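Inside the fold
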Amino acid sequence: MSTDDHCITLQPSGLRFCARGDEDLLSAARSAGIAVPGACRNGVCELCEANLLEGQAVNTRNQQSIPVSAPLMMCRTQARGDLNLEINAVMAAGENQPCKYQAKVVDVRSISHDVFRAQLKIPRRRELSFHAGQYLSINLPASDPCYFSIASSPSAELIELHIQASPDWVSAQNVVDALKSGQDVAVEMPHGKACLAAVPERPLLLVAAGTGFAQMKSLVDYLHDTRYSHPVKLYWGVRKHEDMYLRSLAQQWHEESERFTFVPVVGDDEDNDWSGHHEQLVRAVLASGMDWQNVEVHASGSPAMVYTLMDALVEEGLPEAAFFSDVLEYAPRN
């Protein structure tokens, strides 16, 4: 934060971002990755309305000061110091309430020997808010919900899923068959607290096993649209080379940004029950030489992999509060 930046705090979410004196608050918030609603950019739609609780701000149309306790439109407001705003439409990480939608299947296709990429369109997409790294459920008739990480950024028009469906995985195969039919499907979203509601203040370490890459893709796509300037390192562990179904995309990120590092970890073993590639993935992460006191870790994979990784990193000095994974929520250990 430079001396020309002002600190803007949003209540009740507690999210914070920096804004220069010459930029409107909506632009600054979105550059920080905070999902403030807005459509018209000139104050007509009133979606970005907030109340000024504390601080000095001006209306960009007439440069008049905005009184404390008065409403303002973030798209046409500039800060003249640190601000405290109230905007109930902005949620902290994981606090968006799940809702049910009828999603239209736009496309579903095979992208590897056992992974399908699906794209869904949600009606009134602008009204749907979720955070990068969250997941959804697909609810088929007479079937338990099936949960999948969202692979797209919150700003993307379509919802992307990566579905691993081997012939012996009946529930996942039923989902793929339903999506291929082209009919609408019932979804519930968003779920999950291991997500980003704003850009992190530290370097990021992303660790994925198998289709856990989908969650990491959502995080990376999201960060591309923000001012995030810290290094990002992605470790992707798979059992066999062909299981790394979007390796070319991860490699493209690596080549296009000097701040992004991609490290593939391949177990190269034919045994479906072999867990050694998880241990190999953890060993590779430990060998990265990162400053464990100054990094935020997001992990996606099986509970065994996630807890093995978390224990190893905490032992190396990582604060437990800096480790994020959906496993900690849906498969807590005693």
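What comes next concerns the included structure. All figures in this text were calculated on a predicted structure; none of them were measured in a lab.

Calculation notes
Residues numbered from 1 in each chain as written. Predicted model: local features only at pLDDT ≥ 70, side-chain atom pairs only at ≥ 80, totals over all residues. Heavy atoms only, no water. Salt bridge = Lys/Arg side-chain N within 4 Å of Asp/Glu carboxyl O. Buried < 20%, exposed > 50% of the residue type's maximum accessible area, 1.4 Å probe, protein only. Helix = DSSP H or I, 4+ residues; strand = E, 2+ residues; numbered from the N terminus. Pairing = 2+ DSSP bridges. Axes fitted to C-alpha atoms, helices over the stretch in contact; angles between N-to-C directions. Contact = heavy atoms within 4.5 Å. Arc of directions from axis to C-beta.

Quick word on the pattern of salt bridges
Under the criterion given, the structure shown has 10 salt bridges. A salt bridge links E23 to R20, with the shortest nitrogen-to-oxygen separation between them at 3.9 Å. Accessibility expressed as a relative area gives 35% for R20, which makes it partly exposed. The closest approach of N and O atoms between R202 and E296, which form a salt bridge, is 3.8 Å. Placement of R202 in the loop between β13 (185-191) and β14 (204-209) and of E296 in strand β17 (residues 296-300) is noted, with a sequence separation of 94 residues between them.

Section: the pairing of strand β10 (residues 135-139)
Counting buried positions along β10 yields four of five residues, so the element is predominantly enclosed. Bridge count between β10 and strand β11 (residues 146-149): four bridges; the pairing is antiparallel. In the strand pairing of β11, I138 is matched with C146. Turn length for the β10-β11 hairpin, with the two strands adjacent in sequence and antiparallel, is six residues, and the turn residue A142 shows positive phi of about 55 degrees. Bridge analysis of β10 against β13 gives four bridges, and the strand direction is antiparallel.

A closer look at the sheet that holds strand β2 (residues 16-20)
Spatial ordering of the open sheet is given by β2-β1-β7-β3-β5, a layout of five strands whose pairing is mixed. For this open sheet the edge positions go to β2 and β5 (71-73), each flanked by a neighbour on one side alone. On average, each strand axis in the sheet is tilted by 40 degrees relative to the strand beside it, whichever way the strands run. For strand β3 (residues 49-54) and β5, the ladder comprises three bridges, and the chain directions are antiparallel. Residue pairing across strands places E49 opposite M73, the latter belonging to β5.

As for the pairing of strand β7 (residues 83-86)
Pairing of strand β1 (residues 5-11) with β7, which is carried by four bridges, proceeds in the parallel orientation. When the bridges of β7 are listed, Q11 appears paired with E86.

Overview of the environment of L205
Within the secondary structure, L205 is located in strand β14. By relative accessible area, which is 0% here, L205 ends up buried. In this structure, the C-alpha to C-alpha distance between L205 and E256, residues 51 residues apart in sequence, is 18 Å. Discounting chain neighbours no more than four positions away, the residues touching L205 are K233, Y235, V285, M290, W292, V295, E296, V297, H298 and L313.

Some remarks on helix α4 (residues 247-256)
Three or four residues apart is the spacing at which side chains of an α-helix point the same way, because the helix has 3.6 residues per turn. Within the sequence span of α4, burial applies to L249, A250 and W253. All buried residues of α4 fall inside an arc of 100 degrees around its axis, so they share one side. For α4, the exposed residues set more than 90 degrees away from the buried face come down to S248 and E255. Considering only its buried residues, α4 is in contact with α3 (213-224), β15 (232-238) and β16 (260-266).

So, unusual backbone geometry
Omega for the bond connecting Q11 with P12 falls within 30 degrees of zero, at 5 degrees, which places this linkage in the cis form. Secondary-structure assignment places P12 in the loop between β1 and β2. Here M189 and P190 are connected by a cis peptide whose omega angle stands at 0 degrees. You can see P190 is positioned in strand β13. Of note in this structure, E46 is not a glycine but carries a positive phi near 65 degrees. Judged by relative accessible area, which is 46%, E46 ranks as partly exposed. In this model, S69 sits at a positive phi of 80 degrees, which is unusual for a non-glycine residue. Relative to the helices and strands, S69 resides in the loop between β4 (57-59) and β5. The class for S69 is exposed, based on a relative accessible area of 59%.

Focus on the sheet that holds strand β8 (residues 99-110)
Spatial ordering of the open sheet is given by β11-β10-β13-β8-β9-β12, a layout of six strands whose pairing is antiparallel. Since the sheet does not close on itself, it has two edges, and those belong to β11 and β12 (159-164), each with one partner. Mean inter-strand twist for the sheet, computed between neighbouring axes without regard to direction, equals 40 degrees. Alignment of β8 against strand β9 (residues 115-121), held across six bridges, turns out to be antiparallel. By the bridge assignment, V105 is partnered in β9 with L120. The strands touched by helix α2 (residues 170-180) within the sheet are β8, β9, β10, β11, β12 and β13, with β12 carrying the most contacts at an inclination of about 135 degrees. Sheet contacts for α3: β11 and β12; angle to β12, the most-contacted strand, approximately 160 degrees.

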